[in-house]
Amino acid sequence: MSWDQVWIDINIATMSPSISTPYGAITDGAIAVKDGKIAWIGARTELPEFDVLATPIYKGKGGWVTPGLIDAHTHLVFAGNRANEFELRLQGASYEEIARSGGGIISTVKACREASEAELFELGRQRLNALAKEGVTTVEIKSGYGLDIETELKILRVARELGKHHHVDVKTTFLGAHAIPPEFSGDSDAYVDLVINEMLPKVVAENLADAVDVFCENIAFNLAQTERVLQAAKKAGLTIKLHAEQLSNMGGSAMAAKLGAKSVDHIEYLDEADVKALSESGTCATLLPGAFYFLRETQHPPIDLLRQYQVPMVVASDYNPGSSPLCSSLLMLNMACTLLRLTPEEALAGMTRNAAKALDIEQQVGILAVGMHADFCLWNISTPAQLAYTYGVNACVDVVKNGQLVHQ
Ligand code: DI6
Ligand code: FE
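Residues numbered from 1 in each chain as written. Chains lettered and ligands numbered in written order. Predicted model: local features only at pLDDT ≥ 70, side-chain atom pairs only at ≥ 80, totals over all residues. Heavy atoms only, no water.

Caption draft 1: View of the sheet that holds strand β2 (residues 25-34). If you walk across this open sheet you meet the seven strands as β3-β2-β1-β4-β13-β14-β15, and the pairing is mixed. Among the strands making up the open sheet, the edge pair consists of β3 (37-43) and β15 (404-406). Taking each pair of neighbouring strands and ignoring which way they run, the sheet shows an average axis angle of 35°. Here β2 runs beside β3; their pairing, made up of six bridges, is antiparallel. Bridging from a neighbouring strand, Lys34 pairs with Lys37 of β3. (Pairing = 2+ DSSP bridges. Helix = DSSP H or I, 4+ residues; strand = E, 2+ residues; numbered from the N terminus. Axes fitted to C-alpha atoms, helices over the stretch in contact; angles between N-to-C directions.)

Caption draft 2: A look at helix α4 (residues 117-133). With 17 residues, α4 should cover 24 Å at 1.5 Å per step; its first-to-last C-alpha distance of 24 Å lies within 8% of that length. Within α4 the residues assigned to the buried category are Leu120, Gly124, Arg127, Leu128, Leu131 and Ala132. For α4, the arc enclosing every buried residue in end-on projection is 140°, short of the 170-degree limit, so these residues lie on one face. Looking one or two places after α4, you find Gly135, whose phi comes out positive at around 95°. (Expected span 1.5 Å × (residues − 1). Buried < 20%, exposed > 50% of the residue type's maximum accessible area, 1.4 Å probe, protein only. Arc of directions from axis to C-beta.)

Caption draft 3: Representation of the side chain of Ser329 in the model. By the secondary structure assignment, Ser329 is in helix α12 (residues 329-338). Of note is the side chain of Ser329, whose polar atom sits 3.5 Å from the side chain of Asp71. With residues near it in sequence (within four places) discarded, Ser329 still touches Asp71, Leu131, Glu134, Val136 and Met351. (Polar contact = N/O pair within 3.5 Å; in protein donor to acceptor, adjacent residues only side chain to side chain. Contact = heavy atoms within 4.5 Å.)

Caption draft 4: A look at the environment of Glu85. Relative to the assigned elements, Glu85 resides in helix α1 (residues 83-90). Each C-alpha atom of the pair Glu85 and Gly322 lies 8.1 Å from the other, and the pair is 237 residues apart in sequence. Filtering out sequence-adjacent residues up to four positions away, Glu85 remains in contact with Ile98, Gly103, Gly104 and Ser107. Within the structure, the side chain of Glu85 is placed 2.8 Å from the backbone nitrogen of Gly104, a separation counted as a polar contact.

Caption draft 5: View of α12. Counting buried positions along α12 gives nine out of 10 residues, so the element sits mostly inside the fold. Within the span of α12, buried status applies to Ser329, Leu330, Leu331, Met332, Leu333, Asn334, Met335, Ala336 and Cys337. Between a side-chain oxygen at the N-terminus of α12 and the backbone nitrogen of Leu330 the separation is 3.5 Å; the capping residue is Ser328.

Caption draft 6: Representation of the packing of aromatic side chains in the model. Under the counting rule described, the total for this entry stands at eight aromatic pairs. A ring pair is formed by Phe78 and Tyr145, whose centres lie 6.3 Å apart and whose planes are at 65°; its orientation type is edge-to-face. Of this pair, Phe78 sits in the loop between β5 (69-71) and α1 while Tyr145 sits in the loop between β6 (136-142) and α5 (149-165), and the two are 67 residues apart along the sequence. Overall, Phe78 belongs to the buried group, its relative accessible area being 3%. Positioned over the ring face of Phe78 is Arg127, at 3.7 Å from the centre of the ring. (Phe/Tyr/Trp six-rings, centres within 6.5 Å; stacked < 30°, edge-to-face > 60°. Lys NZ or Arg CZ within 6 Å of the ring centre and 35° of its normal.)

Caption draft 7: Highlighting the coordination of the iron ion (ligand 2). Note on the iron ion (ligand 2): its protein donors are His73 (NE2), His75 (NE2), His243 (NE2) and Asp318 (OD). The metal-donor distances range over 2.1 to 2.2 Å. Relative to the metal, the four donor atoms surrounding the iron ion (ligand 2) lie at angles of 82 to 167°, and the coordination shape comes out irregular. On the basis of relative accessibility, which here comes to 4%, the residue His243 falls in the buried class. (Donors = N, O, S within 2.8 Å, 3.2 Å for Na, K, Ca; no water. Tetrahedral: all angles 85-135°; square planar, octahedral: opposite > 155°, others 65-115°.)

Caption draft 8: Spotlight on the pattern of salt bridges. According to the stated counting rule, one finds 16 salt bridges in the structure shown. For Asp213, the salt bridge goes to Lys142, with nearest N and O atoms at 2.8 Å. On the criterion of sequence distance, the pair formed by Asp213 in strand β8 (residues 211-214) and Lys142 in strand β6 is long-range, its members being 71 residues apart. Residue classification places Asp213 among the buried residues on the basis of a relative accessible area of 1%. Residue Lys262 pairs with Asp360 through a salt bridge whose shortest N-O separation is 3.6 Å. Of the two residues, Lys262 is situated in the loop between α8 (252-258) and β10 (263-266) and Asp360 in the loop between α14 (353-358) and β13 (376-379); the sequence distance between them amounts to 98 residues. Note on Asp360: relative accessible area 39%, which makes it partly exposed. One salt-bridge network, held together by shared partners, links Glu140, Lys142, Asp213 and Lys241. (Salt bridge = Lys/Arg side-chain N within 4 Å of Asp/Glu carboxyl O.)

Caption draft 9: Spotlight on the nonpolar core. The biggest cluster of nonpolar side chains holds 109 residues, and the ones touching the most others in it are Leu76, Val77, Val139, Phe174, Leu306 and Trp379. A per-element tally of this core places helix α6 (residues 188-205) first, with eight residues. Built from parts of two domains, this core gets at least three residues from each of domain 1 (5-67 + 367-407) and domain 2 (69-358). Sequence-distant contacts of Leu76, that is, excluding residues within four places in its chain, are made with Gly124, Arg127, Leu128, Leu131, Val139, Ile141, Leu162 and Tyr319. The next biggest cluster of nonpolar side chains, apart from the first, holds 14 residues, and it includes Ile10, Ile38, Ala374 and Val400. (Core = buried A, V, L, I, M, F, W, Y, C linked by side-chain atoms within 4.5 Å. Domains from an automatic or database assignment.)

Encoded structure:
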């Protein structure tokens, strides 16, 4: 066998559903990499003969290898911060009150309109580095803090550039319908027209987005407006997803599921009929424990129903300055368990296998199996549950992206 590298002295949480052990685990395993892909994976004792002198061999000191983590929902390109609103909320104001009085998303929009592409790039790069240090190898980044043509395109260009200049793969999502900008206050339909007729065609022409998202909520866009945007996105050949059922049940999830959305995100207020709709359409349910925590939400997403109907659960950071200023994927694994009551295995699946489904990249990443990208992390842990159990001492030892050892 001629391989580019071989990993031994490792345990492997493959997260593959075709291996029946918890975490799809292979203890005392080995991985061989060739041309950026996994060429062989299995028990060390079954590793075929190979040229040990000509092949770099990496020893994992008995740690665990997992698929590279995938943060499938972030808003990490933004300027400014909202610490002042954090203080207001601690004095009693609600997130919705702040949003209605021109703060909230709109205050970040002002900062983003003023920021240069270079400034946004540098801010995004630092945040991407923080996620990468914790083993994230793929991230989704949304626009939505521009709300005018120029700034929406600017944010998406920055997100694309980040992907080109960083080992972390970036999937971009156009979220022009995130909030109603002040210029269109009182005429949200006209803003939706702008999103559909002017922004979207430009986004498509420049190939700036892989998907389209909408914030369907009583403080943002109603069901009919949301459907118009998603239909237009589908027509343009983009995948669709939705911020839905975060603060109330607007029916967005069921509608998006019917349109074939890849995921619906937040979903604290999802009901059983909605869950059924997701399971019928194969739509993922993205849980965002950081926003749940930071907004001190008390309505829990219906985890038992999602399990019952076998809807793939995704866990993501929702990293953003308003509702989840927490730039850590590992922290989300912990919160998904402590706050939302996922098992550590479900949480890890939510940041690997299921996150890949939500981003439509499950043929390449998300599990460790022959033919998949060699995209994995080595952790200094003695059991995979430790990833969700503890937080603060970063156990990520090595990251391999497309067969390349990343030095960070
Ligand atoms: N839901 C959220 O939690 C974020 N966007 C959204 O649609 C919040 C964005 C912000 O407050 O800046
Ligand atoms: Fe979000």
